[in-house]
Amino acid sequence: MRRLRTRDPGFAAAFAALVADTRDGGTDPSADVAAILGRVRREGFAAVADLTHRFDGIRLTEADAEVPAAERAAAAAQVAAPVRAALALAAERIRAFHAELRPADRALTDAAGVRMGVRHTPVARAGLYVPGGRAAYPSSVLMNAIPAAVAGVGELVMATPVRGGALVPEVMLAAELAGVARVFRIGGAQAIAAMAWGVGPVPRCDVIVGPGNAWVAEAKRQLYGEVGIDMVAGPSEVLVVADRSAPAALVAADLLAQAEHDPAAQALLMTDSPALADAVEAEVERLLPTLATEAVARASWEAHGTAILLEDLAEAPALVDALAPEHLQLMVAEPRPLAAAITNAGAIFLGAMTPEAIGDYVGGPNHVLPTGRRARFASGLSVADFLKRTTFLEVPEAAFGPLGEAAAALAEAEGLSAHALSVRLRLGRPG
């Protein structure tokens, strides 16, 4: 585990390098993705079918690209009872949380008698991408689809690669619980293009959400503006801030829970206790061989695992805000005051009994969060991502005079004579 000490002379430069580390491995898929999108735009479903055969090894026609409802139901029925119950609990909690936070319409009338406000209307159709590479995550289906359903989106569409032709039962059950209407056996950048433009049997979507590899993320980035997206996501990350009260084994397990996602995932420890850092490092080495995901977790830990040693916990808020972590765990004796002092974090988990893993599954708040320091300006997925916010304004004749005079003066100052005319006609002064 690499260590940075705030008291060391070279700390500022080393910490700046840590903040700047994108962990992208030097991969730039932008040209490849642009070529894929270009093919789909020119060739339509023929390109989608060819790319699906090339990357996923299955042959698709327009007739069999969509998974029939009976096939989805048969797959979902295979889920074991404990997992079925756990997914149902997760869906219930996620739905309840997001329903409470649905933005409310508002209207007000000011002292001049002008009525104004805002209303929220859902998009007609949302697309959900579900990866099928390193792992398939039914929890992500719930986290992405349920806020859309709570928003009142008319139709939820899912695209997921089906390598070998087999559906993932847990993913199909999650889709059922979340209200997904249609599922397509398509993955990669070509799936994003198909949902963005409406290609073959895949309907055009207004918003596309969901995780994916670098090619999927790049496709969403390139198509943003033609379709709404949730965010451009990078490798996952966690920062655990811990004091001497934190159990080393729990800290180590929580760091490894992030590391096992991807060799590029980042697990960071920030502590004012060198003894805890030593104990956590020993626990990580003890726990790694017990994991089925040891190879991935070890690669992440050895490449990116870092401890930041503080002189005092009072240093933590500024450093946390600079890192703007996707997940922030506060395993300190008094987590609430520390949380209140931090501005930049995708999600905060307070106390030793609130691991990020609970948030991934059954906590309630969304686990789709900004990565790559984007928590400086971005937020996690919510119902608002599926709603259009429209303001309205109604000016009665009695209130028009003072507002009209001011508007006309500003229009003339900006050299927009038709703007000024539009107002002055209503004031009865066309000249």
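Scoring rules and cut-offs
Residues numbered from 1 in each chain as written. Predicted model: local features only at pLDDT ≥ 70, side-chain atom pairs only at ≥ 80, totals over all residues. Heavy atoms only, no water. Helix = DSSP H or I, 4+ residues; strand = E, 2+ residues; numbered from the N terminus. Buried < 20%, exposed > 50% of the residue type's maximum accessible area, 1.4 Å probe, protein only. Contact = heavy atoms within 4.5 Å. Areas by Shrake-Rupley, 256 points an atom, 1.4 Å probe, with all protein chains shown as cover. Lys, Arg positive; Asp, Glu negative; His and termini not counted. Charge placed at Lys NZ, Arg CZ, Asp CG, Glu CD. Pairing = 2+ DSSP bridges. Axes fitted to C-alpha atoms, helices over the stretch in contact; angles between N-to-C directions. Patch = residues over 30% accessible without salt bridge, like charges linked within 9 Å, V, L, I, M, F, W, Y side chains within 5 Å. Salt bridge = Lys/Arg side-chain N within 4 Å of Asp/Glu carboxyl O. Right-handed = clockwise from strand over helix to strand, strands pointing away. Phe/Tyr/Trp six-rings, centres within 6.5 Å; stacked < 30°, edge-to-face > 60°. Parallel < 35°, antiparallel > 145°, perpendicular 65-115°, else oblique. Nonpolar A, V, L, I, M, F, W, Y, C, P; charged D, E, K, R; others polar. Polar contact = N/O pair within 3.5 Å; in protein donor to acceptor, adjacent residues only side chain to side chain.

Secondary structure assignment for the chain yields 17 helices and 14 strands. Counting only C-alpha atoms and orienting by the principal axes, one finds that the chain spans roughly 85 × 60 × 40 Å. Split into buried and exposed, the 431 residues of the chain put 47% on the buried side. The contacts of the chain with a sequence gap of at least 6 include a subset with a gap of at least 24, amounting to 74%. A total of about 19700 Å² of accessible surface is found on the chain, and carbon and sulfur atoms cover 56% of it. Averaging the positions of the 38 positive and the 49 negative side-chain charges in the chain gives two centres separated by 5 Å.

Another aspect to go through is the sheet that holds strand S5 (residues 155-159). In spatial order, the strands read S6-S5-S4-S7-S8; together these five strands make up an open sheet with parallel pairing. Single-partner strands in this sheet number two, and they are strand S6 (182-184) and strand S8 (228-229). Bridge analysis of strand S4 (residues 125-129) against S5 gives five bridges, and the strand direction is parallel. Bridge pairing in S5 places Ala126 opposite Leu156. Running at roughly 160 degrees to S5, helix H6 (residues 138-151) makes contact with S4, S5 and strand S7 (207-209) of the sheet. Sheet strands touched by helix H8 (residues 188-197): S4, S5 and S7. Its angle to S4, the strand with the most contacts, is close to 175 degrees.

On the surface, Leu393, Val395 and Leu403 cluster together into a nonpolar patch covering about 270 Å² of accessible area. Looking at the element boundaries, Leu393 is found in strand S14 (residues 387-394). Residue classification places Leu393 among the exposed residues on the basis of a relative accessible area of 61%.

Turning our attention to the sheet that holds strand S3 (residues 115-122). Across the sheet, which stays open at both edges, the three strands sit in the order S2-S3-S14 with antiparallel pairing between neighbours. Taken across any chain shown, the strands that pair with only one partner, and hence form the sheet edges, are strand S2 (106-109) and S14. In this sheet, neighbouring strand axes are inclined to one another by 15 degrees on average, regardless of whether the strands run parallel or antiparallel. In this sheet, S3 lies alongside S2 in antiparallel orientation, the contact comprising four bridges. Following the sheet pairing, Leu108 is matched in S3 by Met116.

Turning to its location among the elements, Thr52 is positioned in helix H3 (residues 45-56). With relative accessibility at 0%, the residue Thr52 sits in the buried group. Excluding anything up to four places from it in sequence, Thr52 contacts Gly57, Ile58, Leu60, Arg185, Ile186 and Gln190.

This part covers the pairing of strand S9 (residues 237-242). Counted residue by residue, S9 has six buried out of six residues, so it is predominantly covered. Residues of S9 alternate between two faces, with Glu237, Leu239 and Val241 on one and Val238, Val240 and Ala242 on the opposite face, all of them buried. Of the pairings in the sheet, the one linking S9 to strand S10 (residues 266-271) comprises six bridges and is parallel in character. Looking at S10, one finds that Ala242 is bridged to Thr271. What joins S9 to S10 is helix H10 (residues 248-259), and the crossover it makes is right-handed. Alignment of S9 against strand S12 (residues 327-331), held across five bridges, turns out to be parallel. What sits directly across from Ala242, in S12, is Met331.

Below, the discussion takes up the packing of aromatic side chains. Applying the stated rule across the entire model yields one aromatic pair. Arranged with centres 5.4 Å apart and planes meeting at 20 degrees, the rings of Phe11 and Phe15 form a pair that is stacked. Separated by four residues within a single helix, Phe11 and Phe15 lie in helix H1 (residues 11-20), roughly one turn from each other. For the pair shown, Phe11 and Phe15 are each scored as buried.

With that settled, consider the pairing of S5. Counting buried residues along S5, five of its five residues qualify, which places the element largely inside the surrounding structure. Judged by which residues are buried, S5 turns out to be covered on both faces: Glu155, Val157 and Ala159 on one side and Leu156 and Met158 on the other are all buried. In this fold, the crossover linking S5 to S6 by way of helix H7 (residues 169-178) has right-handed handedness.

Turning to the packing of helix H2 (residues 30-43) against H3, a few remarks are in order. It is at 6 Å that the axes of H2 and H3 come closest, and there the two elements cross at 140 degrees. With respect to their mutual orientation, H2 and H3 come out oblique. Residues Ile36, Arg39, Val40 and Glu43 of H2 form the contact with H3, whose own contacting residues are Phe45, Ala46, Ala47, Val48, Asp50, Leu51 and Phe55. A per-class count over the contact of H2 with H3 returns eight nonpolar, no polar and three charged.

Assignment of secondary structure puts Asp230 in the loop between S8 and S9. Asp230 gets classed as buried once you look at its relative accessible area, which sits at 13%. A polar contact is formed between the side chain of Asp230 and the backbone nitrogen of Gly210, at a distance of 3.0 Å. Among the polar contacts made by the side chain of Asp230, one reaches the side chain of Lys220 at a distance of 2.7 Å. Setting aside anything within four residues of it in sequence, one finds Asp230 in contact with Asn144, Ile208, Val209, Gly210, Lys220, Val368 and Leu381.

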